[in-house]
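Coordinates in review
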Amino acid sequence: MTAQILDGKAGLATIKEELALRVRALREQGVRPGLGTVLVGDDPGSTWYVNAKHRDCAEIGIESMRRDLPAGSTQAEVEAVVDELNGDDACTAFLVQQPTGLDEFAILSRVLPEKDVDGLHPVNLGSLVLGRAAPLPCTPVGVVELLRRHDVEVAGAEVVVVGRGLTVGRPLGLILTRRSENATVTLCHTGTRDLAAHTRRADIVVSAAGVPDLVTADMVRPGAAVLDVGVARVDGKIAGDVAADVAEVAGWISPNPGGVGPMTRAMLLTNVVEAAERQAAAGGAPSIPAGPAPTP
Ligand SMILES: Nc1nc(=O)c2c([nH]1)NC[C@@H]1CN(c3ccc(C(=O)N[C@@H](CCC(=O)O)C(=O)O)cc3)C=[N+]21
């Protein structure tokens, strides 16, 4: 058996076509979506992702602005740039590329929630827990969208997520257990006693551990869907979590590169367009909230 490919590049291309139409409609109303990126330092991987995001935006008519700061920039310097983008009406949504090596929580918390294109602001993550509409983290939604576009049944499925990180595993567990997805999720991590015992029972395995070749063929139930979200680097090349021989037993497999990575970018673009649509509906870009109400 050879697994069907969960093709993220094709998904990205289709979603770009759909979004280009929505961007055109916004522009006809006089609304110009604009993505800001903040990059600290010159890590080649992070630089590649940020460049790719700007190329993607240009292709579908989204304006973009970048703020590249030198390695060794301070917390205060990064926060000053966040404040600047919060106040810039041309920037309808933005992100600070991780990792920064700084206090990530303070940076995420400082972005206006309405401009948070990563869905990682505490208010937006809180909305996910509470079941309220809000921007969602791009990689987990990319995983769900990739499954949906290939008709992999998620409702009722046993899903094993490997990894409890803020950007993938933790929010993916929350998203998959919503009523709209209705999966049964087992969230595995470095404290899991017998990982293979869990993955062997799964209809869908999503590995986001960053450990090359963590998931091997003997750990996968024949016919299962296996999604590789690992982005470790070995000799400058991406090394996923999923070993090559898994393709011989899996029913579906996401290549890496070419799987979840491009879908992450597609969901980022979707979040930019949706933020601009919401801001247009609310009558303009969000303003900086006035300070706390005076106490009586
Ligand atoms: N604030 C923030 N938001 C992010 O969304 C964010 C981040 N920080 N930090 C790092 C991770 C990683 N990430 C990827 C995006 C696209 C690909 C992607 O498109 N990769 C291509 C090729 C990559 C290559 O060949 O180097 C692929 O998988 O086909 C991968 C990884 C977004 N991240």
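Let me sum up the structure you'll find in this document. Remember, it's a predicted structure, so these values are computed and weren't measured experimentally. (Residues numbered from 1 in each chain as written. Predicted model: local features only at pLDDT ≥ 70, side-chain atom pairs only at ≥ 80, totals over all residues.)

**What about the site of the ligand?**
Put simply, the test is: Defining nearness, a residue is near a molecule or strand when the C-beta atom obtained from its backbone falls within 6 Å of it. Secondary structure counts use DSSP, requiring at least four H or I residues in a row for a helix and at least two E residues in a row for a strand, with both numbered from the N terminus. Residue polarity is assigned by list, with Asp, Glu, Lys and Arg as charged and Ala, Val, Leu, Ile, Met, Phe, Trp, Tyr, Cys and Pro as nonpolar; anything else, Gly included, falls into the polar class. Residue ranges assigned to each domain were obtained from an automatic or database domain assignment.
Surrounding the ligand, one finds 18 residues, the nearest of these being L95, Q98, P257, G261 and T264. When residues of the shell around the ligand are traced back to their parent elements, those giving at least two are α2 (44-59), β4 (93-96) and α9 (260-281). No other element matches the four residues that α9 contributes to the shell around the ligand. For the shell around the ligand, the residue count by class is 10 nonpolar, six polar and two charged. Both of domain 1 (26-119) and domain 2 (138-260) provide at least three residues apiece to the shell around the ligand.

**Focus: helix α3 (residues 75-86)**
Each turn of an α-helix holds 3.6 residues, which means side chains three or four residues apart point in the same direction. What counts, and what does not: In this analysis, the expected span of each helix is defined as 1.5 Å times one less than the number of residues it contains. Buried residues are those with 20 or more other C-beta atoms within 10 Å of their own C-beta, exposed residues have 12 or fewer, and partly exposed residues lie in between; C-beta atoms are placed from the backbone. By definition, the arc is the one covered by directions from the helix axis to the C-beta atoms. By the convention adopted here, residues make contact when the C-beta atoms placed from their backbones lie within 7 Å.
Here α3 contains 12 residues, and its C-alpha end-to-end distance of 16 Å stays within 8% of the 16 Å for a straight helix at 1.5 Å per residue. Turning to α3, its buried residues number three or more, namely V78, V82, L85 and N86. Taken around the axis of α3, the buried residues stretch over an arc of 105°, which confines them to a single face. Pointing more than 90 degrees away from the buried face of α3 are the exposed residues A76 and A80. Where α3 is buried, its residues meet β2 (34-40), β3 (63-69), β4 and α4 (104-110).

**A look at the nonpolar core**
Buried together is how nonpolar side chains tend to be arranged in soluble globular proteins. Here is the rule we go by: Residues enter a nonpolar core if they are buried, belong to Ala, Val, Leu, Ile, Met, Phe, Trp, Tyr or Cys, and are joined to the set through C-beta atoms within 7 Å.
Formed by 77 residues in total, the largest nonpolar core has its most connected members in V206, V226, A250 and V272. Broken down by element, this core gets its largest block of residues, 10 residues, from α9. Built from parts of two domains, this core gets at least three residues from each of domain 1 (26-119) and domain 2 (138-260). Non-local contacts of V206, meaning those with residues more than four positions away in its chain, are made with V143, V159, V161, V162, L172, L227 and V229.

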